[in-house]
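For reference, the chains in residue letters:
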Amino acid sequence: MASALAAKMGFNSLLRKQARNFRVRICTMESEEEFNCEVKWKGKDLFDLVCRSLGLWETWFFGLQYTIKDTVAWLKMEKKILDQEVPNEEPITFFFLVKFYPENIEEELVQEITQRLFFLQVKKKILEEEIHCPPEASVLLASYAVHAKYGDYDPNVHEPGFLAEEELLPKRVINLYQMTAEMWEERITVCYAEHRGRTRDEAEMEYLKIAQDLDMYGINYFLIRNKKGTGLLLGVDALGLHIYEPENKLTPKCSFPWNEIRNISYSDKEFTIKPVGKKSNTFKFISSRLRVNKLILQLCIGNHDLFMRRRQVDSLEIQQLKAQAKKERARKQAEWQRLQREKKLRKEAERARAEMERKLIQLQEEAHMASEALLRSEQTADLLAEKAQIAEEEAKLLAQKAAEVETEMQRIKVTAMRGQEERRLMEQKMLEAEMRALKESEESERRTKEAEQLKQDLQEARESERRARNKLLEITSKAINASPVLPSDSIPPDLSYSRENLSFDFKDTDMKRLSMEIEKEKVEYMEKSKHLQEQLNELKTEIESLKLKERETPLDIIHNQNTEQGTSKQSNFKKLTLQSTKTKVAFFEEL
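These numbers were taken from a predicted model, which means no experiment stands behind them.

Caption draft 1: Spotlight on the overall build of the protein. Of regular secondary structure, the protein possesses 16 helices and 13 strands. By residue count, 40% of the 591 residues in the protein fall in the buried class.

Shown next, in the form of structure tokens:
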């Protein structure tokens, strides 16, 4: 069955080689794209095509990865693509990934696209827990990832819940604490708000600078056995080779810096490393597969090449690339500052416009109130005028009645002489008439006074109406004269508006020189900034009370022990490199 399957695969491979071209699918951390390849193409031809399509010049960090028989492999540059053990499929899928990591992210990464690809890949490895990250560092890294995506924090835009759909923390960290998604978002947002003023590129770089100090950053692990058959882990990174116990990927038991290694080779499953110095013992281990040894050798050669390049003067091409990148960063920084100024002017213009609208609304309200007061004054004046007219008519009527009574009195007086009895009666009637006349006179006088009072009220109402009209004219004049006009040079162009619209050998000489340089550099280690350490300690203190101790993984426990002992990635590497090579080899064989 197996032979039949192999024969079928060989036949399919033969058919593909006989064709003129074939298709490949290239998957990056952000997208995927298909390319047509010629049968004669080597790995370098395809790799260069992909790099050109991405605009990438720092090609030495990257490679094309594929999986064959459950083993990761990298496409060889100097060998034809179809002559390698690539997947027998159409299109052939390759992953454009970081293959080699720098010693110092900030100093070595030049292009923005390089930084972006590193950021996305390291972020993915942390979230998928391929790189162990303590909880407090996870929160800080998440805040930089949010800044890289959303820019400066704005409380009016980034309201609670805006990170609900984002994957920012490893599941291990989330399960380790009794905290809701809202509580995690609140802590991430507090850190995010402190990054105000950084560009997105700067946020990505800060993310990588923190990530490169994690114990498992940039290390490729392989299962190996020593002569005794003890299972161990081999770690390959930018600084050298490291030996770990299988259950502890954080703290190496011994390390071999690249400047202490003279030769690397393998025979079948046995891998041999010859340290510098003729009297040094040979370091040997056994891997699980021959294909794994090939991969280890590839990574060792590539990392050692970069190790030597870092300690040499940059080539003219690299110098030009760095100068160009520096110029581009300066241009983008100037552009960013210009955008910040325009943003500030925009906000000032919006505030001025809002203030002008507020004053206009206030003046409109005052004018409306004055109009209503004027209307009420006019209505009151009309009512008082009507009442005064009625009172005047009533006074005239009473005066007429008083005249009639007076006439009646005269007539009674003339007829009173007719008799005593009549006189008495007439006197009595006269008395009554006088009483009535007196009452009518008093009533007439009262009505006259009331009419005078109404006339006075009418005069006051008309005076109030005059004052209200003057107030309305004053407010209207104030609104016209006080309307603020923004200077044209303080408003960005897009804010203007009008009134109408609002196997590999290393040379002795190189190794001796490198050894001297490395000895000098061994004592120089990057220390985390005081502010960063304070942030991490503060975050750890805030969430420590909510931790569920029973959910800690073995790596969490080891990380906590290292932290309590003051052991870091750099200090441990320094300690191990001070051991003699003979001691390291003996220690490895005794494990």
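Caption draft 2: Examining the packing of helix α4 (residues 112-127) against helix α8 (residues 200-211) more closely. Two elements in contact, α4 and α8, have axes whose closest approach is 10 Å; the angle formed by their N-to-C orientations is 50°. The angle between the axes of α4 and α8 places the two elements in the oblique class. Along this stretch, α4 crosses α8, giving a crossing that reads as left-handed. The residues of α8 that touch α4, namely those facing Glu-112, Gln-115, Arg-116, Phe-118, Phe-119, Val-122, Lys-123 and Ile-126, are Asp-201, Glu-204, Met-205, Tyr-207, Leu-208 and Ala-211. Its residues assigned to classes, the contact of α4 with α8 comprises eight nonpolar, one polar and five charged.

Caption draft 3: Spatial organisation of the environment of Ala-238. With respect to the helices and strands, the residue Ala-238 is situated in the loop between β7 (231-236) and β8 (240-244). Separated by 19 residues in the primary sequence, Ala-238 and Ile-219 have C-alpha atoms spaced 8.0 Å apart. Residues within four places of Ala-238 in sequence aside, it is in contact with Tyr-101, Pro-102, Glu-103, Trp-258, Asn-303, Phe-307 and Arg-310.

Caption draft 4: The packing of aromatic side chains, seen in detail. Tallied over the entire structure, the rule returns 18 aromatic pairs. Relative to Phe-118, the ring of Tyr-101 has its centre 5.9 Å away and its plane inclined at 85°; by these criteria the two rings are edge-to-face. One end of the pair, Tyr-101, is in the loop between β5 (92-98) and α3 (105-108); the other, Phe-118, is in helix α4, and 17 residues separate them in sequence. On the basis of an interplanar angle of 25° and a centroid distance of 4.7 Å, the ring pair of Phe-256 and Phe-283 is categorised as stacked. One end of the pair, Phe-256, is in strand β9 (residues 254-257); the other, Phe-283, is in strand β12 (residues 283-287), and 27 residues separate them in sequence. Take Phe-256 and Phe-283: they sit in the same class, and that class is buried. Here the aromatic cluster, defined as three or more aromatic residues joined through ring pairs, consists of Phe-47, Trp-60, Phe-61, Phe-62, Phe-96, Tyr-101, Phe-118 and Tyr-217. Lying over the aromatic face of Trp-60, Arg-309 brings its terminal NZ or CZ to 4.6 Å of the ring centre. Across the ring face of Phe-307, the terminal group of Arg-311 is positioned such that the distance to the ring centre comes to 3.9 Å.

Caption draft 5: Here's a closer look at the nonpolar core. With 104 residues, the main nonpolar core has Leu-46, Phe-94 and Phe-96 as its most contacted residues. Among the elements that line this core, the one with the most residues is helix α5 (residues 135-150), at nine residues. Those residues in contact with Phe-96 that sit more than four places away from it in its chain are Ile-26, Cys-27, Thr-28, Phe-47, Val-50, Cys-51, Leu-54, Leu-56, Phe-62, Gly-63, Leu-64 and Leu-117. Core analysis: the second largest hydrophobic core is formed by seven residues, Ala-381, Ala-388, Leu-454 and Leu-458 among them.

Caption draft 6: Broad picture of the packing of α5 against α8. Look at α5 against α8: their axes get within 8 Å of each other, and the N-to-C directions meet at 160°. For the element pair α5 / α8, the angle class is roughly antiparallel. Note that α5 runs across α8; the crossing there is left-handed. Contacts between α5 and α8 pair Leu-140, Leu-141, Tyr-144, Ala-145, His-147, Ala-148, Lys-149 and Tyr-150 from the former with Arg-200, Ala-203, Glu-204, Glu-206, Tyr-207, Ile-210 and Ala-211 from the latter.

Caption draft 7: Molecular detail of the sheet that holds β5. If you walk across this open sheet you meet the five strands as β2-β1-β5-β3-β4, and the pairing is mixed. With one partner strand each, in any of the chains shown, β2 (32-38) and β4 (71-74) form the two edges of the open sheet. Going across the sheet, the axis of each strand differs from the next one's by a mean of 35°, ignoring polarity. Across the sheet, α4 lies against β3 (62-68) and β5, angled at about 100° from β5, the strand it touches most.

Caption draft 8: Fine view of the pairing of β5. Most of β5 is tucked away: six of the seven residues are buried. Both strand β1 (residues 21-27) and β5 contribute to a ladder of four bridges, which runs parallel. Bridge pairing in β5 links Arg-25 to Thr-93. Note: β3 against β5, four bridges, orientation antiparallel. Of the residues in β5, the one forming a bridge with Gln-65 is Phe-95.

Caption draft 9: The arrangement of the pattern of salt bridges in detail. Applying the stated criterion to the full structure yields 23 salt bridges. Here Arg-338 makes a salt bridge to Glu-335, at a shortest N to O gap of 2.5 Å. With a gap of three residues between them, Arg-338 and Glu-335 both fall in helix α10 (residues 316-415), about one helical turn apart. Its relative accessible area of 32% is what places Glu-335 among the partly exposed residues. Within this structure, Arg-23, Arg-25, Glu-32 and Glu-34 form a network of salt bridges that share partners.

Caption draft 10: How the structure looks around the pairing of β2. In this structure, β1 lies alongside β2, joined through seven bridges in antiparallel fashion. Along β2, the bridge assignment pairs Arg-23 with Asn-36.

Reading the values: rules and limits
- Residues numbered from 1 in each chain as written.
- Predicted model: local features only at pLDDT ≥ 70, side-chain atom pairs only at ≥ 80, totals over all residues.
- Heavy atoms only, no water.
- Helix = DSSP H or I, 4+ residues; strand = E, 2+ residues; numbered from the N terminus.
- Buried < 20%, exposed > 50% of the residue type's maximum accessible area, 1.4 Å probe, protein only.
- Axes fitted to C-alpha atoms, helices over the stretch in contact; angles between N-to-C directions.
- Parallel < 35°, antiparallel > 145°, perpendicular 65-115°, else oblique.
- Left-handed = near helix turned anticlockwise from the far one by under 90°.
- Contact = heavy atoms within 4.5 Å.
- Nonpolar A, V, L, I, M, F, W, Y, C, P; charged D, E, K, R; others polar.
- Phe/Tyr/Trp six-rings, centres within 6.5 Å; stacked < 30°, edge-to-face > 60°.
- Lys NZ or Arg CZ within 6 Å of the ring centre and 35° of its normal.
- Core = buried A, V, L, I, M, F, W, Y, C linked by side-chain atoms within 4.5 Å.
- Pairing = 2+ DSSP bridges.
- Salt bridge = Lys/Arg side-chain N within 4 Å of Asp/Glu carboxyl O.

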